[in-house]
Each structure stands twice: as C-alpha cells, then as structure tokens.
Amino acid sequence: QVHVVESGGGLGQAGGSLRRSCAASGMIDRINYMGWYRQAPGKQRELVATITSGGSTNYADSVKGRFTISRVNAKNTVFLQMNSLKPEDAAVYFCNVGVRFFNYWGQGTQVTVSS
C-alpha cells in the first residue's frame, strides 16, 4: 500500500506564487517518477509536470517557464513551485506517483487564482 499526501497553498493571486508539496509513503522500493496533474471544471485531467528519479523533467507547454517541479528522492517528496499564476491555472491539482508498475494518486487540492 502506498499513500500519497499533498499539502501546500491553494489560494493565489494572478501574477503571484504558490507551492505545492506531495509525499509518498508506505511499501515503496523504488519510485520511477513523481508528478502533478490538474483538472479544471468540464475539462479532462491534464499533465502539469513530471520528474523522474534521475531528475529529468517534463512540463506542459502552458506552464513552461512559470512552474518548476523538484523532488527529494530520500524523502519521496515532490514539489511544484507555481509562479506568475494565471486565472487559467485554477483547477484541482493531483499528485501522481509511479511505483514500479502502478500509479498512485493524491487526494487532489483545489487551486484558486484570483484576478
């Protein structure tokens, strides 16, 4: 069993910043990747950013240059630094952790961006 717990800010202003954290615990021998997805009302869940155990990153075009994903392997923790927030960044953000052949999701947190 793997538990994924998210934390961090959920209310930001346009042009401002937020930081999200996510920690995985439980029966983990190797995490392949960690990442963030988001889902806005009426839209499909979409990738925001991922990072592998080796540190390779992948970003959605819409957040490149504004968001930064990082991780601390020893703590099975991943961070999402969100800068220059836009109203269209508002969504429910989910942490996703890939352990061997399985994906585990966090509970999801609403991120609101006020203009």
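Residues numbered from 1 in each chain as written. Predicted model: local features only at pLDDT ≥ 70, side-chain atom pairs only at ≥ 80, totals over all residues. Heavy atoms only, no water.

Engineer: Mind showing me how you'd approach the sheet that holds strand E8 (residues 77-82) here?
Structural biologist: Note: strands within a sheet are paired through backbone hydrogen bonds, in either parallel or antiparallel orientation. Judged by pairing direction, the sheet is antiparallel, and its four strands sit side by side in the order E1-E3-E8-E7 without closing on themselves. The sheet is open, and its two borders are formed by strand E1 (2-8) and strand E7 (67-72), each paired with just one other strand. Strand-to-strand twist in this sheet, taken as the mean axis angle between neighbours without regard to direction, amounts to 15°. Pairing of strand E3 (residues 18-26) with E8, which is carried by six bridges, proceeds in the antiparallel orientation. Bridge pairing in E8 links Ser-21 to Phe-79. (Pairing = 2+ DSSP bridges. Helix = DSSP H or I, 4+ residues; strand = E, 2+ residues; numbered from the N terminus. Axes fitted to C-alpha atoms, helices over the stretch in contact; angles between N-to-C directions.)

Engineer: It is not clear to me how the packing of aromatic side chains should be interpreted in this structure. Could you clarify?
Structural biologist: One pair of aromatic rings is described through two measures. These are the centre distance and the angle between the planes. Scanning all chains against the criterion turns up two aromatic pairs. Summarising the aromatic geometry, the rings of Tyr-37 and Trp-105 are spaced 5.2 Å apart at their centres and angled 70° between planes, so their arrangement reads as edge-to-face. Of the two residues, Tyr-37 is situated in strand E4 (residues 31-39) and Trp-105 in strand E10 (residues 102-105); the sequence distance between them amounts to 68 residues. When its relative accessible area of 37% is taken as the criterion, Trp-105 is described as partly exposed. The interplanar angle of 90° and the centroid separation of 6.2 Å between the aromatic rings of Phe-94 and Trp-105 together place this pair among those described as edge-to-face. You can see Phe-94 sitting in strand E9 (residues 91-99) and its partner Trp-105 sitting in strand E10, a full 11 residues away along the chain. You can call Phe-94 buried: its relative accessible area is 11%. In this structure an aromatic cluster arises from ring pairing among Tyr-37, Phe-94 and Trp-105. (Phe/Tyr/Trp six-rings, centres within 6.5 Å; stacked < 30°, edge-to-face > 60°. Buried < 20%, exposed > 50% of the residue type's maximum accessible area, 1.4 Å probe, protein only.)

Shape descriptors only; they carry no functional weight alone.
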